Amino acid sequence: MLNRLKICRLLTMLGAWVASRPLFAAADFWQLNMHKGVTPISKDVYYLHMVCMAVCAIIGVVVFGVMIYSMIHHRKSKGYKAAKFHDNPRLEIVWSIIPFLILVGLAVPATRVLIRMDDTNQSEVTIKVVGYQWRWQYEYLDQGISFFSTLSTPFEQIQNKQKKSEWYLLEVDKPMVVPINKKIRFLVTSNDVVHSWWVPELGIKRDAIPGFMYEAWATIEKPGTYRGQCAELCGVNHGFMPIVVEAVSQDDFDKWVAAQTKVEDQYAKEEVNVATQKSMTRDELLLLGKQKYDQFCSACHQPDGKGIPPMYPALKRSSVATGHPISRHLDIILNGVAGSAMQPYKDQLSDEEIAAIATYERNAWDNNTNDIIQAEEVAAQRQKANQQPTMVNKVQAGGLQ
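Residues numbered from 1 in each chain as written. Predicted model: local features only at pLDDT ≥ 70, side-chain atom pairs only at ≥ 80, totals over all residues. Heavy atoms only, no water.

1. Looking at the sheet that holds strand β9 (residues 224-230)
Step number 1: In space, the five strands of this open sheet follow the order β4-β10-β9-β6-β7, with mixed pairing throughout. At either margin of the open sheet sits one strand with a lone partner, and together these are β4 (176-179) and β7 (204-208). Direction aside, the axes of adjacent strands within the sheet are offset by 25° on average.
Step number 2: Note that β9 and strand β10 (residues 242-248) share six bridges and pair antiparallel. Within β10, the residue paired with G228 across the bridge is I243. (Pairing = 2+ DSSP bridges. Helix = DSSP H or I, 4+ residues; strand = E, 2+ residues; numbered from the N terminus. Axes fitted to C-alpha atoms, helices over the stretch in contact; angles between N-to-C directions.)

2. Here we look at the packing of helix α9 (residues 326-335) against helix α10 (residues 351-361)
Step number 1: For the pair α9 and α10, the least separation of the axes is 10 Å and the interaxial angle reads 130°. By the angle class used here, α9 and α10 are oblique. For α9 against α10, the interelement crossing comes out right-handed. Residue-level contacts link H329, L330, I333 and L334 of α9 to I354, I357, A358 and E361 of α10. (Parallel < 35°, antiparallel > 145°, perpendicular 65-115°, else oblique. Left-handed = near helix turned anticlockwise from the far one by under 90°. Contact = heavy atoms within 4.5 Å.)

3. Considerations on the packing of aromatic side chains
Step number 1: Inspection of the entire model under this criterion finds 14 aromatic pairs.
Step number 2: Geometrically, the ring pair formed by Y140 and F147 is stacked, given 6.1 Å between the ring centres and 25° between the ring planes. The burial state of Y140 is the same as that of F147; both residues are buried.
Step number 3: Between F186 and W197, the ring centres sit 5.1 Å apart and the planes meet at 40°, which makes this aromatic pair tilted. Of the two residues, F186 sits in strand β5 (residues 183-190) while W197 sits in strand β6 (residues 195-199), which places them eleven residues apart along the sequence. Judged on exposure class, the residue F186 and its partner W197 are both buried.
Step number 4: A connected cluster of aromatic rings, assembled from ring pairs, spans Y138, Y140, F147, F253 and W256.
Step number 5: Taking the ring centre of Y168 as reference, the NZ or CZ of K164 above it sits at 4.9 Å. (Phe/Tyr/Trp six-rings, centres within 6.5 Å; stacked < 30°, edge-to-face > 60°. Buried < 20%, exposed > 50% of the residue type's maximum accessible area, 1.4 Å probe, protein only. Lys NZ or Arg CZ within 6 Å of the ring centre and 35° of its normal.)

4. Some details on the pattern of salt bridges
Step number 1: In the structure shown here, the tally under the stated rule is ten salt bridges.
Step number 2: The partner of R116 in a salt bridge is D44, and the shortest N-O contact between them spans 2.4 Å. You can see R116 sitting in helix α4 (residues 89-117) and its partner D44 sitting in helix α3 (residues 40-73), a full 72 residues away along the chain.
Step number 3: A residue is classified by how much of its surface remains accessible, and R116, at 37% relative accessible area, is partly exposed.
Step number 4: Looking at D44, the relative accessible area reads 22%, which means it is partly exposed.
Step number 5: Of the charged contacts in the structure, one is a salt bridge between D207 and K205, with a shortest N-O distance of 3.9 Å.
Step number 6: According to the relative accessible area criterion, D207 is partly exposed, its value standing at 30%. (Salt bridge = Lys/Arg side-chain N within 4 Å of Asp/Glu carboxyl O.)

5. Observations concerning the confidence of the model for the protein chain
Step number 1: Scored by pLDDT, the protein chain has a mean of 85; 85% of the residues are at 70 or more.
Step number 2: Every residue in residues 16-28 is under pLDDT 50, and counting partners more than four places away or in other chains gives eight contacts.
Step number 3: Taken as a whole, residues 389-401 scores under 50 in pLDDT and shows four contacts with residues more than four places along the chain or in a different chain. (pLDDT = per-residue confidence, 0-100.)

6. Some points on the environment of K290
Step number 1: Tracing the backbone through its elements, the reader meets K290 in helix α7 (residues 282-301).
Step number 2: A residue is classified by how much of its surface remains accessible, and K290, at 37% relative accessible area, is partly exposed.
Step number 3: As for K290 and P303, which are separated by 13 residues in sequence, their C-alpha atoms are 9.3 Å apart.

Shown next as structure tokens:
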């Protein structure tokens, strides 16, 4: 008896708590429904979804209600006998017309939403989104800003050596920053394989396919941070390329643009003057190199440098990471390997970062070459590669010899 009273009290308290919470807030808390979102398109999609769900629920109640009623009240134990008829043209016409009208009723608003989704006219900000294995590049075409956005979750958390943070695998080093109440046009493509740029609260999911450019748009009505992920299986690190969008006021966006422009100008000056490259100590190079290796390279070549042959070759005791000249090692990191999964990192990493990665790879996992590479060596190799004539330049010059 006492246990029953405790159970009743518990159920009463639980019912009161549920009743005190808004219906959709509770659904969102338990992830039982779509995000309503913060853009006009996301809200249109949400309401269209709710109407469709309501129609399906009504049809389900009617169909199953008639079926259950028939089974209970026309069962054999009550003496009912099955009717003997082959067809009923009038009934068949009715149950064909009703679904047709329902589908037309749903198709009209759905078509309007689809048309609005493709209307990128009169956009005020244009951002090119490029998918890489495994990060995103954002190019602000109107502001002349370009940067890569990479997962910032510490590698120790991924390896279960540290407690996972609130935004585990949903945090980046450089989020996309956009102004609120402005029509933003997104141009989505890929540099390597098929990705998909998906931010639920913005109502956007666009496939990123090499050689194709897909458009989307959003007008974010509420400042905040909105997170998404790559929604297309794109390789071994597919689960580690999140998306973070920070929506801010126009004044804050202008300040951010000004700060980014200063950084771009400073970086350009450093690139022009190779002599200004800062020398780093061995310990600094190894520390930065391990950090960047874990972030950019370990997914393929593995934390222990053993790789996943034959797709991803080992770096431990490899001819690349231990052999000479070192310029071959730097060239592979800068320009990748044609026809393989090794992509170029010249646009993704700075000279210092590439120097640190190469130093780490040549001294980790018992490679022990004692080689130390500085940023100026990477800059020289980058400049040398840029000066070499490409296949296109040779063709334009009069054909291959």
